[in-house]
Amino acid sequence: MKIKKLLAGVTLLLALTSSVFAAKAKKLQVVTTIFPEYDWAREIIGDNIDNVELTLLLGNGVDLHSYQPSIQDIAKISTADIFIYVGGESDGWVKDALANATNKNMKVINLMEVLDGKTKAEEMKEGMQASEHHHHHHGEAEDEDEHHHHDEEADEHEHHHHDEEAEEHEHHHHNEEAEEHEHHHHDEEAEEHEHHHHQAFTDADLKDRKLSDWEGKWQSVYDFAMDGSLDHAFEEIAEAGNMHMEDVKAAYQTGFKTDVAEITIKGNKITYKYKDGKSVTAKYKYAGHAVEAWSDEGDAALFRFESTSKKSEAPRYIAFNDHMIEPTKAEHFHIWMGNDGFDSLLGDRSNYPTFFPADMDGHEVAHHLAGHNHSHEEEEEGHHHHHGEVEYDEHVWLSVKFAKTLCVEIADALCQQDSANADSYKANLSSYTAKLDDLDSKFAAAVKAGSKNTLLFGDRFPFRYFVEDYGLDYFAAFVGCSAETEASFETVIFLANKVDELGLNSVLKIESGDGKIARTIVENSKNKNAKILTLDSIQSTTSKQAEAGVTYLSIMEGNVKVIEEALK
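Residues numbered from 1 in each chain as written. Predicted model: local features only at pLDDT ≥ 70, side-chain atom pairs only at ≥ 80, totals over all residues. Heavy atoms only, no water.

1. Quick word on the pairing of strand β7 (residues 269–274)
Here comes step 1: Here β7 shows a clear split, with Ile 270, Tyr 272 and Tyr 274 buried on one side and none of Lys 269, Thr 271 and Lys 273 buried on the other.
Here comes step 2: Inspection of the sheet shows strand β6 (residues 260–266) paired to β7 by six bridges, in the antiparallel sense. Directly across from Val 260, in β7, lies its bridge partner Tyr 274.
Here comes step 3: Where β6 hands over to β7, the hairpin turn is made up of two residues, of which Gly 267 adopts a positive phi near 60°. (Buried < 20%, exposed > 50% of the residue type's maximum accessible area, 1.4 Å probe, protein only. Helix = DSSP H or I, 4+ residues; strand = E, 2+ residues; numbered from the N terminus. Pairing = 2+ DSSP bridges.)

Quick look at the structure:
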């Protein structure tokens, strides 16, 4: 059931149950989506639990990526004093739910926003099977023919020498990839990256615009491209275009290069601040629009302005491109500047100085750049501007270090909404933080004591933040949010060869996995004796388990033992 269909019934439900909510109004209403949030809140609330109604929405074991809220869930959120959710792609329904909330004083905690700058885009690791079904309902029936194909493929290859075939496949794959890349001219590849964001239109489609469309303070993103801040965006763009990240990064570094650090636009004036500290200002008048035939990918809409300040050292001729074709506020822009006339501005197609709002940090620019990916489709109101979203890894709760940060945010919210018990919440936070510190130390010790440094998953891999915390490497069949349940022959053989190559004694799965892929990997390894271990990703812990005493700490303590075994 879709969220917008549910919202229509929320008002009626609230009306019918108003007496029930009124009776509970004296209790602080805390609503959480997943178990880690629930348990962290429970620990910080402590003995004050009688004064709080704490709700776990995903309490029946449903996976975060498959969850759709019920009318009752929406009603709970609507009246909550504190609402805690992850904030990733799977929580796309939350925006509509909060827009219809009746408690306007609600404190909302988005875990990924709290960790802004520390979250990472989903990673396609070497050997990992690409998935086209991110965030679909896990466990849904798949096409019968596809299953039949996988079974036949497995049977067909069962009698072949796996190591030889895998080697041949890998060699053939890399040669084909190298040959394909070799036959592309780097300049053409760069140009495709630089301005594959334009589409065909004519000058007649463009509407005149005013300088106020670009009003504000803007920063060059060239330094972000050089210092690594945008690397995750470049990785996403490279993956989407089936190119090499280094080529993409080099192309954007060339494209963004400029000695102008900041541009401030107010009224008809533009002030340029250069990297050497010099500033120049000039007044400008609109000089019309033009369509530049950029490449086979499409056209660029240019809006031109000419300086009227004869004595200013500011560029006399400028042209903006922000991927729009009619009046609207720019979200970022490319700008070309010069003194030799409009026709000379775009002489170097590989350079397109790019500016974003001055208050955005590198992480925010990367998020916009990768999600936007300069892909432009015709949208409502005639805008040729499409904004996608980067799929960031949602599994932030599996980092013990992140858990400490997130618990501070939860404690602060409790103190704000229930100041009478603030001292108790702070004391409970301090005590729980000490326990998390101890857990962190145990994981670090387990990794240090291990003779291996790599985890191999025959399953989805939601532990990216975890392995980065402790300097571990990993290989896996699928990304953390994949809905795939069948691994290709190539994926299985790649992972089986890694078991042999690295001398691994175990293959892991997550708690909701059936272990089929892990067993197939072991069967295709040389010694066929690796153990199948389960690392709990805390994605399917139920309310009954919580009532029975299961906690975030108890699950993670169990994971410490698994890590010790896996790294032997």
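Now that the structure has been shown, the text picks up again.
2. Thoughts on a negative patch on the surface
Here comes step 1: Among the surface-exposed residues, Glu 113, Asp 116, Asp 359, Asp 361 and Glu 364 lie close enough to one another that they form a single negatively charged patch.
Here comes step 2: Relative to the elements of secondary structure, Glu 364 occurs in helix α13 (residues 362–372).
Here comes step 3: Assessed through its relative accessible area of 31%, Glu 364 is described here as partly exposed. (Patch = residues over 30% accessible without salt bridge, like charges linked within 9 Å, V, L, I, M, F, W, Y side chains within 5 Å. Areas by Shrake-Rupley, 256 points an atom, 1.4 Å probe, with all protein chains shown as cover. Salt bridge = Lys/Arg side-chain N within 4 Å of Asp/Glu carboxyl O. Lys, Arg positive; Asp, Glu negative; His and termini not counted. Charge placed at Lys NZ, Arg CZ, Asp CG, Glu CD.)

3. Examining the packing of aromatic side chains
Here comes step 1: In this structure the tally under the stated criterion is 28 aromatic pairs.
Here comes step 2: Judged by centre distance (5.3 Å) and plane angle (15°), the rings of Phe 83 and Tyr 85 are stacked. For the pair Phe 83 and Tyr 85, one class covers both residues: buried.
Here comes step 3: Both rings, one in Phe 463 and one in Phe 466, keep their centres 6.1 Å apart while their planes meet at 80°; by these two values the pair is edge-to-face. A single burial state applies to Phe 463 and to Phe 466, both of which are buried. (Phe/Tyr/Trp six-rings, centres within 6.5 Å; stacked < 30°, edge-to-face > 60°.)

4. Brief notes about the confidence of the model for the chain
Here comes step 1: In the predicted model, the chain carries a mean pLDDT of 82, and the fraction of residues at 70 or more is 78%.
Here comes step 2: Here residues 1–25 is modelled with pLDDT under 50, and outside its nearest four sequence neighbours on either side it reaches 32 contacts, counting other chains as well.
Here comes step 3: Low confidence marks residues 374–389, where pLDDT is under 50. Its contacts with residues over four positions away, or in another chain, come to 49 contacts. (pLDDT = per-residue confidence, 0-100. Contact = heavy atoms within 4.5 Å.)

5. Overview of the pattern of salt bridges
Pairing is possible between side chains that carry opposite charge, provided their charged atoms lie close to one another.
Here comes step 1: A complete count under the given rule lists 22 salt bridges for this structure.
Here comes step 2: Between Lys 404 and Asp 437 there is a salt bridge; the shortest N-O distance is 2.7 Å. Separated by 33 residues along the polypeptide, Lys 404 in helix α14 (residues 400–417) and Asp 437 in helix α15 (residues 422–449) bring together distant segments of the chain.
Here comes step 3: With a relative accessible area of 19%, Lys 404 lands in the buried category.
Here comes step 4: In this structure, Lys 568 engages Glu 565 in a salt bridge whose closest nitrogen and oxygen atoms are separated by 3.0 Å.
Here comes step 5: Assessed through its relative accessible area of 21%, Glu 565 is described here as partly exposed.
Here comes step 6: One salt-bridge network, held together by shared partners, links Lys 120, Glu 123, Arg 464 and Glu 468.

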